[in-house]
Amino acid sequence: MQNSINTITENKRFQFLLFFFAVIAIFQIFIPYKGIVFLEIINEVLILSFTALFVLNLILIEFKKKYHPLKITSSFLAAFGLLLMSIIVLNITMNVFGISHSDFSPSPGLFEKIIILLFNSVIFVVSVYVLVSLRELFYLRTVKNINTYYNAMIVFIVLASVTSVFNEEAYKEYNFIYLAFTVNAIILIFLNSLRISWIAFLRVKQKRQLLLVSVILVVLSIIILIQTTDENFQSASKSFSYFLHNFNNLIIINVMIYSFVIFFTTLFHLPTAEVFDKKSREVSSMQYFSKLINQALDSKELIHTISDLGIEIGGSDAIFLNLDLDGDSKVIGVKNLSDSDANKIAAYTNSLTPGFGVNYVVLKEFNNKQHPENRFASVYIAALKSYAKLHGHLYFLKYSEISLDEEDKKMLETFADYSAIALENSYLLRESIEKERLEKELDVARKMQMSIVPAEAPKLRNAEISCSFIPAFEVGGDYYDFFTLSENKLGIIIADVSGKGISAAFIMAELRGIFESLTKLKQEPKDILIFVNQILNRILDRKSFISAVFAVLDLETGELVLSRAGHCPPVLLSNGVINLIRPEGIALGMNYQGKFDGFLEEVKFTLKDDDLLFLYTDGVTESKNSTLEDFGENRLYEIIKNYGDCSPDEITNKLIKEITIFSENNSQHDDISFIILKWNKNKTGEING
Amino acid sequence: MADFNAKVRVFEDLNIIDVKGYLDAHTAPELENELTNLIKSNKYKVVVNFKELEYISSAGLGVFMAYIESMRENNGDIKLAEMKPGVYSIFDLLGFPLLYDIFPSEEEAINKFKQ
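Residues numbered from 1 in each chain as written. Chains lettered and ligands numbered in written order. Predicted model: local features only at pLDDT ≥ 70, side-chain atom pairs only at ≥ 80, totals over all residues.

1. What about the overall build of chain A?
Item 1. Tallying secondary structure elements over chain A gives 20 helices and 15 strands in all.
Item 2. Residue burial in chain A is summarised as follows: out of 689 residues, 36% are buried.
Item 3. Once local pairs closer than 6 in sequence are excluded, the contacts in chain A between residues at least 24 apart make up 71%. (Helix = DSSP H or I, 4+ residues; strand = E, 2+ residues; numbered from the N terminus. Buried ≥ 20, exposed ≤ 12 C-beta atoms within 10 Å, placed from the backbone. Contact = placed C-beta atoms within 7 Å.)

2. Focus: the interface of chain B and chain A
By convention, interface size is frequently given as the accessible area that disappears when the constituent parts associate.
Item 1. Residue-level contacts link 14 residues of chain B with 17 residues of chain A.
Item 2. Listing elements by their share of the side of chain B that touches chain A, those giving two or more residues are helix H2 (58–73), helix H3 (85–94) and helix H4 (96–99) of chain B.
Item 3. In terms of residue count, H2(B) provides more of the side of chain B that touches chain A than any other element does, 8 residues in total.
Item 4. Its residues placed into classes, the side of chain B that touches chain A shows 10 nonpolar, 3 polar and 1 charged. (Nonpolar A, V, L, I, M, F, W, Y, C, P; charged D, E, K, R; others polar.)

3. Let's talk about the environment of Phe473(A)
Residue and element names in this part refer to chain A.
Item 1. Relative to the helices and strands, Phe-473 resides in the loop between strand S6 (463–470) and strand S7 (478–484).
Item 2. Residue classification places Phe-473 among the partly exposed positions, given that 13 C-beta atoms sit within 10 Å.
Item 3. Separated by 197 residues in sequence, Phe-473 and Asp-670 place their C-alpha atoms 8.0 Å apart.
Item 4. Each residue touching Phe-473, except ones within four places of it in the same chain, is listed here: Leu-442 and Gln-668.

4. Remarks on the sheet that holds strand S11 (residues 571–574) of chain A
Residues and elements named next belong to chain A.
Item 1. Taken in spatial order, the 5 strands line up as S6-S15-S14-S11-S12 in an open sheet, and their pairing is antiparallel. This sheet does not close on itself; its edge strands, each paired only once, are S6 and strand S12 (577–580). Direction aside, the axes of adjacent strands within the sheet are offset by 15° on average.
Item 2. With 5 bridges joining them, strand S14 (residues 612–616) and strand S15 (residues 672–679) adopt antiparallel strand pairing. Paired with Phe-614 across the strands is Ile-676, a residue of S15.
Item 3. Against the sheet, helix H18 (residues 632–642) engages S11, S12 and S14, with an angle of about 30° to S11.
Item 4. Along the sheet, helix H19 (residues 648–662) makes contact with S6 and S15, crossing S6 at roughly 25°. (Pairing = 2+ DSSP bridges. Axes fitted to C-alpha atoms, helices over the stretch in contact; angles between N-to-C directions.)

5. Remarks on the nonpolar core
Item 1. Of all hydrophobic cores here, the largest spans 99 residues; its most connected members are Ile494(A), Ile546(A), Ala548(A), Leu588(A), Leu615(A) and Ile675(A).
Item 2. Top contributing element to this core by residue count: H2(B), with 8 residues.
Item 3. Not counting residues up to four positions away in its chain, the partners in contact with Leu588(A) are Leu529(A), Val532(A), Asn533(A), Leu536(A), Phe545(A), Ile546(A), Ala548(A) and Ala565(A).
Item 4. Core analysis: the next-biggest nonpolar cluster, separate from the first, contains 56 residues, Ile24(A), Ala160(A), Val165(A) and Tyr258(A) among them. (Core = buried A, V, L, I, M, F, W, Y, C linked by C-beta atoms within 7 Å.)

6. A few points about the sheet that holds strand S2 (residues 14–23) of chain B
Residues and elements named next belong to chain B.
Item 1. Ordered in space as S1-S2-S3-S4-S5, the 5 strands form an open sheet in which the pairing is mixed. The open sheet is flanked by strand S1 (4–11) and strand S5 (102–103), the only strands paired with a single partner.
Item 2. Of the strand pairs in this sheet, strand S4 (residues 77–81) and S5 are connected by 2 bridges, and their pairing is parallel. Across the sheet, the residue bridging to Leu-80 is Ile-102, located in S5.
Item 3. Sheet strands in contact with H2 are S2, strand S3 (45–56) and S4, and its direction is about 140° off that of S4.
Item 4. Running at roughly 155° to S4, helix H5 (residues 106–114) makes contact with S1, S2, S3, S4 and S5 of the sheet.

7. Some details on helix H6 (residues 175–193) of chain A
Residue and element names in this part refer to chain A.
Item 1. With 19 residues, H6 extends 27 Å between its outermost C-alpha atoms, agreeing within 8% with the 27 Å of an ideal straight helix rising 1.5 Å per residue.
Item 2. Tyr-178, Phe-181, Thr-182, Ala-185, Leu-188, Ile-189, Asn-192 and Ser-193 are the residues of H6 that are buried. All buried residues of H6 lie within an arc of 135° about the axis, which places them on one face of the element. Of the residues in H6, the exposed ones pointing more than 90 degrees away from the buried face are Phe-176 and Val-183. (Expected span 1.5 Å × (residues − 1). Arc of directions from axis to C-beta.)

8. A closer look at unusual backbone geometry
Item 1. A positive phi angle, close to 60°, is found at Leu628(A), a residue other than glycine.
Item 2. Along the polypeptide, Leu628(A) turns up in the loop between helix H17 (618–621) and H18.
Item 3. A positive phi angle is found at Glu82(B), which is not glycine, with a value near 60°.
Item 4. Positionally, Glu82(B) belongs in the loop between S4 and H3.
Item 5. When the 22 C-beta atoms within 10 Å are taken as the criterion, Glu82(B) is described as buried.

Structure, rendered in structure tokens:
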């Protein structure tokens, strides 16, 4: 809405100006005001206010605001060219039609009036355009408030223009007023013309251009000023308006002085321009570097930025990066040339300078022999090195064979260093994000595992059970569980899924579901494991397997039936003697063609009072100490034997303590889980009975 | 973590991989790479020499399960040789000897291929 209102008022303003112009044109052409002082004053006032309104309007719509000072200055050439052209056209027209300057005044005919109107329109447009553009230049890069100077200058220009009529023969005695204003105006023009700090910020090339432009402008201004003293010009202009005539003169003087100042300033700036240029680039590059460092989040964007800034800082015509990614070098961030060209140049320079001993390569030979369409004449190669690690190389390409001085090289090397640090940061950040993701994943896996494994051992008649589960950081995939098969029968499963992490935890979860449902249908360990193996065929990949022991205990008789699928053999402590229960059997998931079923055995024996059954996963025996020695079976058997008389809970505590002491200086690599079952039918009978 | 290393030697029409160090979930991809390369170049007869292997985890064992099947499908095999007792007992516990050929010496493994 705001915008549309603006455009409407802008339109209205434009219409109003157009209307104003029409009034002036009608006044000029149809009203014979010459000689009538009152009407002449009205004419001057009309033109003065029209000029003021026009200028204010242009300023209001921020005319030319975004243009480069060099462009604005150059546009004066066109404006003055137009003015000169119109002067020439005026002279030619007057010659062709035989009009003498005396015809313009005091009573010109209609044709003359039209010529006057057209000619003065050009003067008007040029004056106003130049005034507003000059204002842009004055206000450019100014730190201090220079309003006062500028406004004073405008006031004096207007006053001098208005009083220019006193310069005429008729009012000679008041001439001093006009002169005073004019002198003041010119002094202020000169003072304001010193506001040219923007020149310092131009590049060397631009300064050279500006020098040329300012010379031409000075010459053009002088030519036009000489022309304004010509009688043809004077009469054509003055018969329209004294104000505009003098206003135009002062504007041209303004440009002349301004150009003059620009010319000398630029001339003195030029010898140091190159150094200044470099320094200013260095300063701005410091900002670039900090920009680089802050872009670690997105490595693609970072490489894009490196290319962009590299071109700017290096003053290069094209750029690309050749990065070492996992041993392969890859050309990326290619700018201003094709990927294939970049690859060819990289291959060529690499063949020339194995190990990149040389940084600067002239591509003459390459262009002649191998790649005639290549536009680049030279390349500077900077290593992308951070913390003594080489990430790759940056290639700065140039159309010319301009050799680099030490400072240039230092600049490029510094840029490459910063780029390398930024790259390194982005790699590290990616790694740490990945690591964090993995840790979160492992967290989920551990929680999953903890919720699957029963927190407490079941309370049984005739037997006492203790179990323990200590998950490893990486989640090992251990699983144990207890199932009530029937009123008297307890199923015990202990298993170890191969691999680690979330995938092992998922398989565990599935395994629990499988056992949960199968134990409702079957009671024989061998049958159950064979079924499980068949189901796993659809679940496990070829690299995964599960070792397991499934045991069924008769809670009345103490009869134990057990099958072992590639798992650590359970330990039976009976009368102080260690027995390993090791029926034949390969791990689940290793073979689906009947070999699993074929090899799987089932053992059956009856537990006596105080018999102790120890089921475990290899996390127990593979616990390692600081010298990477395994805890081992022997230490385990020894502990079971020594504490055989204790309750399962006590043995659990002792064992965990022993393992902890043993592996004190080493982290836990695998889950540690075990189940201790002690048969004590008569004892509990005694207590209960 | 301890290091792992897998090097391939060529012996007649066989390829022998010497494995060294610790083979676990972190180092298994290195061995997988070697075996994948052999399959890519249609080399299906492989002997793995375990002489210098200190430790193998379940993930390490999984590598052999996956690749032995691929080799066998192409009339080849991976035969395992010269395991240290500790390493062998891990294979043994899981029932590997029932499914795969494990030999005390590399020579015997090579001879088995020639039969």
